[in-house]
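Report on the structure
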There are 2 protein chains.
Amino acid sequence: MAGGGWARAVRGLLLDVSGVLYDSGADGGVPIGGSAEAVRRALATQKWRISVLGLMIAQLGSDSEAKWPWIKASGLKLQLCTNETQATRENFVRKLRAMGFDISVPEVTAPAPAACRLLKERGLRPHLLVHDDLVPEFAEIDKTNPNCVVLGDAAENFTYANLNEAFRLLIGMEKPVLISLGKGRYYKETDGLKLDVGAYMKALEYACDVQAEVVGKPAKRFFESALAELGVPPEQAIMIGDDIVNDVGGAQQCGMRALQVRTGKYRPSDENHPEVKPDAYVNNLAEAVDIILQHL
Amino acid sequence: MAGGGWARAVRGLLLDVSGVLYDSGADGGVPIGGSAEAVRRALATQKWRISVLGLMIAQLGSDSEAKWPWIKASGLKLQLCTNETQATRENFVRKLRAMGFDISVPEVTAPAPAACRLLKERGLRPHLLVHDDLVPEFAEIDKTNPNCVVLGDAAENFTYANLNEAFRLLIGMEKPVLISLGKGRYYKETDGLKLDVGAYMKALEYACDVQAEVVGKPAKRFFESALAELGVPPEQAIMIGDDIVNDVGGAQQCGMRALQVRTGKYRPSDENHPEVKPDAYVNNLAEAVDIILQHL
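Once that is clear, we can look at the overall build of chain A. Counting secondary structure elements, chain A contains 9 helices and 14 strands. The contacts of chain A with a sequence gap of at least 6 include a subset with a gap of at least 24, amounting to 66%. As presented, chain A carries roughly 12600 Å² of accessible surface, and 51% of it is formed by carbon and sulfur atoms.

Let us now look at the interface of chain B and chain A. Between chain B and chain A, the contact holds 30 residues from the first and 30 residues from the second. Summing both sides of the interface, chain B and chain A together bury roughly 2800 Å²; the carbon and sulfur share of this comes to 62%. Counting the surface chain B buries against chain A, the share from its top three residues, Tyr160, Leu195 and Tyr206 of chain B, is 30%. One can count 0 salt bridges joining chain B with chain A. In this structure, the connection of chain B to chain A is made through 12 residue pairs in polar contact (both at pLDDT 80 or more). Those elements that provide at least two residues to the side of chain B that touches chain A are helix H5 (160-171), strand E9 (186-189), strand E10 (192-195) and helix H6 (197-208) of chain B. Residue composition of the side of chain B that touches chain A, grouped by class: 17 nonpolar, 4 polar and 9 charged.

Moving on, we get to empty space enclosed by the protein. Residues and elements named next belong to chain A. Taken as a whole and judged by the stated rule, the model has 1 cavity of 30 Å³ or more. Looking at the largest cavity, its volume works out to about 40 Å³. As for the largest cavity, its lining consists of Glu84, Ala87, Thr88, Arg89, Phe92, Ala110, Pro111, Ala112, Pro113, Leu134 and Glu137. Listing elements by their share of the lining of the largest cavity, those giving two or more residues are helix H3 (89-98) and helix H4 (111-122). Among the elements that make up the lining of the largest cavity, the one with the highest residue count is H4 (3 residues).

With that out of the way, let us pick up the side chain of Ser180 of chain B. As for its placement among the helices and strands, Ser180 of chain B is situated in strand E8 (residues 178-181). Excluding residues that lie within four positions of it along the chain, Ser180 of chain B makes contacts with Leu151, Val197, Met201, Ala212, Glu213, Val214 and Val215 of chain B.

Okay, the sheet that holds strand E13 (residues 257-261) of chain B next. Residue and element names in this part refer to chain B. One open sheet accounts for 6 strands, arranged E5-E4-E1-E12-E13-E14; its pairing is parallel. Either end of the sheet is taken by a strand with one partner, and the two such strands are strand E5 (108-109) and strand E14 (280-282). In the sheet, strand E4 (residues 77-81) pairs with E5 via 2 bridges, with the strands oriented parallel. Paired with Leu80 across the bridge in E5 is Val108.

On to the environment of Leu163 of chain A. As for its placement among the helices and strands, Leu163 of chain A is situated in helix H5 (residues 160-171). Residues Leu163 of chain A and Leu151 of chain A, spaced 12 residues apart in sequence, show a C-alpha to C-alpha distance of 10.0 Å. Those residues within four positions of Leu163 of chain A in sequence are excluded, and the remaining contacts are Leu129, Phe158, Tyr200 and Leu204 of chain A together with Leu195 and Tyr200 of chain B.

Residue and element names in this part refer to chain B. Of the two faces of strand E1 (residues 12-15), the one holding Gly12 and Leu14 and the one holding Leu13 and Leu15 are both buried throughout. Across 4 bridges, E1 lies against E4 in parallel orientation. Considered in E4, the bridge of Leu14 is made with Gln79. Here 4 bridges tie E1 to strand E12 (residues 237-241), and the two strands are oriented parallel to one another. Counted as the bridge partner of Leu15 is Ile240 from E12.

What follows covers the pairing of E10 of chain B. Residues and elements named next belong to chain B. Pairing of E9 with E10, which is carried by 4 bridges, proceeds in the antiparallel orientation. By the bridge assignment, Tyr186 is partnered in E10 with Leu195. Following E9, the chain reverses through 2 residues before pairing antiparallel with E10.

When chain B is fitted to chain A, the residual RMSD is 0.0 Å, and the transformation amounts to a turn of 180° plus an axial shift of 0.0 Å. Here the symmetry operator amounts to a two-fold rotation axis. Both copies contact each other with a shared surface, as 100% of the interface residues of chain B are interface residues in chain A too.

This brings us to the packing of aromatic side chains. Enumeration according to the criterion identifies 4 aromatic pairs over all chains in this entry. A centroid spacing of 5.2 Å and a plane angle of 45° characterise the contact between Phe167 of chain A and Tyr186 of chain B, whose relative ring orientation is tilted. Residue Phe167 of chain A is located in helix H5, and its partner Tyr186 of chain B is located in strand E9; the two belong to separate chains.

Further remarks concern the pattern of salt bridges. Residues and elements named next belong to chain A. Within this structure, the stated rule accounts for 24 salt bridges over all chains. For the salt bridge of Glu121 with Arg221, the shortest nitrogen-to-oxygen distance reads 3.1 Å. In this pair, Glu121 sits in helix H4 while Arg221 sits in helix H7 (residues 220-230), placing the two residues 100 residues apart along the sequence. Taking the relative accessible area as the measure of exposure, Glu121 reaches 54% and is therefore exposed. For the salt bridge of Glu213 with Arg122, the shortest nitrogen-to-oxygen distance reads 2.6 Å. With Glu213 in strand E11 (residues 213-215) and Arg122 in helix H4, this pair connects stretches of sequence that are 91 residues apart.

All names here are of chain A. One open sheet accounts for 4 strands, arranged E6-E7-E8-E11; its pairing is parallel. One side of each edge strand has no neighbouring strand; the edge strands of this open sheet are strand E6 (126-129) and E11. Ignoring which end each strand starts from, the neighbouring axes of this sheet average 25° apart. The sheet contacts of H4 involve E6, strand E7 (148-151), strand E8 (178-181) and E11, and relative to E11 the element is tilted by about 130°. Packed onto the sheet, helix H6 (residues 197-208) meets E7, E8 and E11 and runs at close to 165° relative to E8.

Right, let's get into the confidence of the model for chain A. Residues and elements named next belong to chain A. Taken over all residues, the pLDDT of chain A has a mean of 90, while the share at 70 or more is 89%. Here residues 63-73 scores under 50 on pLDDT; set against residues more than four positions off or in separate chains, the count is 11 contacts. Both scores are given for the predicted complex: the pTM is 0.82, the ipTM 0.82.

A few words now on unusual backbone geometry. Here the bond from Lys217 of chain A into Pro218 of chain A is cis, since omega is 5°, no more than 30 degrees from zero. You can see Pro218 of chain A is positioned in the loop between E11 and H7.

A separate point is H6 of chain B. Residue and element names in this part refer to chain B. The end-to-end C-alpha separation of H6 is 16 Å, in line with the 16 Å expected for 12 residues at 1.5 Å each. Of all 12 residues making up H6, 11 are buried, and the element is well covered by its neighbours. Burial in H6 covers these residues: Val197, Gly198, Ala199, Tyr200, Met201, Ala203, Leu204, Glu205, Tyr206, Ala207 and Cys208. A positive backbone phi angle near 55° is found at Asp209, which sits one or two residues after H6.

Criteria and cut-off values
- Residues numbered from 1 in each chain as written.
- Chains lettered and ligands numbered in written order.
- Predicted model: local features only at pLDDT ≥ 70, side-chain atom pairs only at ≥ 80, totals over all residues.
- Heavy atoms only, no water.
- Helix = DSSP H or I, 4+ residues; strand = E, 2+ residues; numbered from the N terminus.
- Contact = heavy atoms within 4.5 Å.
- Areas by Shrake-Rupley, 256 points an atom, 1.4 Å probe, with all protein chains shown as cover.
- Buried area = accessible area lost by both parts, 1.4 Å probe.
- Salt bridge = Lys/Arg side-chain N within 4 Å of Asp/Glu carboxyl O.
- Polar contact = N/O pair within 3.5 Å; in protein donor to acceptor, adjacent residues only side chain to side chain.
- Nonpolar A, V, L, I, M, F, W, Y, C, P; charged D, E, K, R; others polar.
- 1 Å grid on protein atoms, 1.4 Å probe; cavity = no way out; pocket = protein on both sides within 12 Å on 5 of 7 lines; lining within 4 Å.
- Points joined across faces, edges and corners; volume = space filled by probe spheres on them.
- Pairing = 2+ DSSP bridges.
- Buried < 20%, exposed > 50% of the residue type's maximum accessible area, 1.4 Å probe, protein only.
- Least-squares fit on C-alpha atoms with pLDDT ≥ 70 in both.
- Phe/Tyr/Trp six-rings, centres within 6.5 Å; stacked < 30°, edge-to-face > 60°.
- Axes fitted to C-alpha atoms, helices over the stretch in contact; angles between N-to-C directions.
- pLDDT = per-residue confidence, 0-100.
- Expected span 1.5 Å × (residues − 1).

Printed below as a string of structure tokens:
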């Protein structure tokens, strides 16, 4: 495992958040041991290389480098790539910072902003079945007379009444449009495993005989937008996640390497998955970052 | 439609209940116009033929007839074949009788008693995610230390917490066993369409990567046990239901004819179903019984 070839020539890290940085829970969640420190060490390579190499290149006055040589010269770049839909990105980042993760809003790629772009492009007016705390992400979107349903990890809002309401709207449409913010099967909170949005997506798909459009991991377009934020091509990026299908499989389909951590929702049976095989397993994010830093 | 060949040589009627006899609802539901009268007329053929033919045969003292000639000589026989899992059969029959349907408990084939037989055969101890009013059906079943989950139309019991609990039990089993009392997509109540047990079955199947065992329509074994109660071979029986897949498709797979009524959850788009084509459409149960009686 340690020191494998998978760790060579990495310039960008895409990190899943829940189950990699922290275990979520009703109490807000708890950081996974060593993760905040690992993020700090990864970002530190960036800062150090900016200061030294950027200065050297600036002094040389070289024109052969790209437009911003001090960025090109930096170490690891980092982007969080999450299917988190229980909070706005702003509140999500606030929570992460309170847990000791040195992260800012543009460093988070999340499904809700991606869904808003899609809704605008296609003139769709959503009925939202999402977590209360996510609703502000859709503030700019016309929600009158809905012609689609947007499903997120609504958690306590997944009531019998709310599911029936979303179902009735869909079944009443001539051509039902169901947009799902992710298709995860389940995730781990501090008080146990919870059904994720994908399970409810399947319920509505079956009831309405419709196929949902997934925004978020493992959609290719979603990984591509995270890579664009990162400014790193897929062959120089590595995804680190706890979800064998949505993190590992999705990233590999985009030409990235991908690691599965043995934290969060990881289960030993994942290692026998019939379709997806990670480039490596690591015990946790800290171990992954250790090995990647050794190969920088 | 009227007078088609489909109505010839019918000796047994299997009737779906919700959407055929009545529209269910929080208030207990309301009979569909003409249905109680139709059941009465169908049963009347039976009584008349018993009294006249039974008497004639008894007087002739013939031995060439079966053991109970007065039964063999009867007109239409009738069995309700329902996926109803919101009440015990006793309470279900009480409700139907109060609506004017002249039905008794042995005339109802329902999933819960069938599931109890299966649980006993296989030594399974269920965790129940069912409607409160169905629980007494499982009174005789050992439910300690569950090694399977039984899912019914739990309605208001389909809470986020209850679904997570059932999910955690399943995902914690070495080989998850999920038994679903039906796999309907939705049904109609007086206040609108509601998601049926099949939608929640799909959610748990996806989350646990397991295939549910369906007890109830459209399972072949379930139709066969209803036919056994009826004492009529499939080619002399006809199923009348509002569900194109579970009623019509399921019955046809057992060699029965099947009608779809244009009541209950029927939708015009059902008539373009890619796989299932009923032997005929009728506007409602009353029309079906009219035509069948004309061919007796």
